[in-house]
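# Notes for the structure review
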Amino acid sequence: MAVVETVLGLLPQGLRRHLLKHRELLKFALVGGTTFLIDSGIFYGLKLTVLEAKPLIAKGIAVLMATIVSYVLNREWSFRTRGGREKQHEAALYFLVSGIAVGIYTAPLAFSRYVLDLRYPDVSLLSQELGDFFIGQIGGVLIGMLFRWWAFRKFVFPEEGVRPHKTYRVGEPVLTDHEINGSANGTATNGTGAANGNGKARRSTPKRTDEDEEQLGHS
């Protein structure tokens, strides 16, 4: 996921600030894109082989596997500073919300197959597959993601800033582990830099983080 931070650093400053203001949603969307690929791969792998006659079961299995991956990625990346619940309670709520989302995800597929009758032999095999993809996959994922975004923030990770991560602010020196711990030849650190054995001060280069960029965007 460090690739995302690198890509953001290459964007124009105005666009970067805008994206950083909504970084949580951006990360959630990227996780959704990743799990969409997992979902689609498993769904079509099952639907075209052992579960050809049972597309809803194939879809349910695909969503379940993608949900497990999404929990890890969302907890540790998208919502890494949010929480407010014990981990077991949090995980139970996450899978409860995701279980409800399974029905939401599969509803467009059921609508396509059994309401619009886009199924072979009533329609061509191509029409069936296009209906499965655009209505079942695309439509289901979009509706399901909107529900999950709202429910995760409302019930699973309700409180902001309860799992703070280490950041540095503009103007503060960024010290390496070597500088913090001191070296064998007498290197020591202070609040603004590092002094070596010859008494010469060495200042490290300030580093901006995403949080700094977001603060700059509000200034």
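Residues numbered from 1 in each chain as written. Predicted model: local features only at pLDDT ≥ 70, side-chain atom pairs only at ≥ 80, totals over all residues. Heavy atoms only, no water.

## Here's the deal with the confidence of the model for the protein
Residues with a pLDDT of 70 or more make up 70% of the protein, whose mean pLDDT is 76. Across the protein, helix α6 (residues 125-156) holds the top mean pLDDT of 90, while strand β1 (residues 188-189) sits lowest at 42. Below a pLDDT of 50 lies the segment residues 183-207, which in the model reaches 40 contacts outside its immediate sequence neighbourhood of four places, other chains included. Low pLDDT, under 50, characterises residues 212-219; the predicted model gives this stretch 17 contacts beyond four residues in sequence or across chains. (pLDDT = per-residue confidence, 0-100. Helix = DSSP H or I, 4+ residues; strand = E, 2+ residues; numbered from the N terminus. Contact = heavy atoms within 4.5 Å.)

## Side note on empty space enclosed by the protein
Per the stated rule, a full pass over the model turns up one cavity of 30 Å³ or more. One number sums up the size of the largest cavity: a volume of about 150 Å³. In terms of lining, the largest cavity is formed by 15 residues, of which the most central are G32, T35, A66, Y105 and R148. For the lining of the largest cavity, the secondary-structure elements that each account for two or more residues are α3 (23-47), α4 (55-78) and α6. At six residues, the largest contribution of residues to the lining of the largest cavity is made by α3. Classifying every residue of the lining of the largest cavity by side-chain character gives eight nonpolar, five polar and two charged. (1 Å grid on protein atoms, 1.4 Å probe; cavity = no way out; pocket = protein on both sides within 12 Å on 5 of 7 lines; lining within 4 Å. Points joined across faces, edges and corners; volume = space filled by probe spheres on them. Nonpolar A, V, L, I, M, F, W, Y, C, P; charged D, E, K, R; others polar.)

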